[in-house]
Amino acid sequence: MTFPEELKYTKEHEWIRLEGDIATVGITEFAQSELGDIVYVDITTEGDEVEAGEVFGSVEAVKTVSDLYMPITGTVSEVNPDLEDSPETVNSDPYAGGWMIKIKVNNVDDVAELMSAADYTTLVS
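Engineer: Account for the overall build of the chain, with residues named and values stated.
Structural biologist: Of regular secondary structure, the chain possesses four helices and nine strands. Listing every helix and strand of the chain by position from the N terminus yields β-β-β-α-β-β-β-β-β-α-α-β-α. Taken over the C-alpha trace, the chain has a radius of gyration of 13 Å; the compact-globule value for 125 residues is 14 Å, and the two agree within 12%. Overall, the C-alpha framework of the chain stretches about 35 × 35 × 20 Å when taken along its three principal axes.

Right, here's the structure in full:
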């Protein structure tokens, strides 16, 4: 499994990529492999401010549903439109095409408190 060095990670298995004050969020390769085949992504928080640690949506796999947790506080500015018709992209390309949301971050310094790739690797090992 790969965990890109340029990303930050949460113990709930989300990743975040910060570009200025906009962050892209998805779930890790580990998370999608644990869930199995993803058949539906449900995110209804577009336009909402969501606090760090709060649920911003859910993913449904063949045998389970799992909540998605906001890594840092921000306003959901975009939901990946491709996931409506192709939720399996989260399985095949979790760090690029399978991203879930983009957020306008309230405080970019909050990202520094998240796990590095090395820390996340230790968590899931």
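After that view of the structure, there is still more to cover.
Engineer: Just give me the short version of the sheet that holds strand β4 (residues 38–42), but keep the residues and values in it.
Structural biologist: Here three strands make up an open sheet; going across it, the order is β4-β6-β7 and the pairing antiparallel. The open sheet has two edge strands, β4 and β7 (65–69), and neither has a second partner. Adjacent strand axes in the sheet meet at a mean angle of 25° when their direction is disregarded. In terms of strand pairing, β4 meets strand β6 (residues 55–61) through four bridges, oriented antiparallel. Bridge assignment links Asp42 to a residue of β6, and that residue is Ser58.

Calculation criteria
Residues numbered from 1 in each chain as written. Predicted model: local features only at pLDDT ≥ 70, side-chain atom pairs only at ≥ 80, totals over all residues. Heavy atoms only, no water. Helix = DSSP H or I, 4+ residues; strand = E, 2+ residues; numbered from the N terminus. Rg over C-alpha atoms; globule rule 2.2 N^0.38 Å. Pairing = 2+ DSSP bridges. Axes fitted to C-alpha atoms, helices over the stretch in contact; angles between N-to-C directions.

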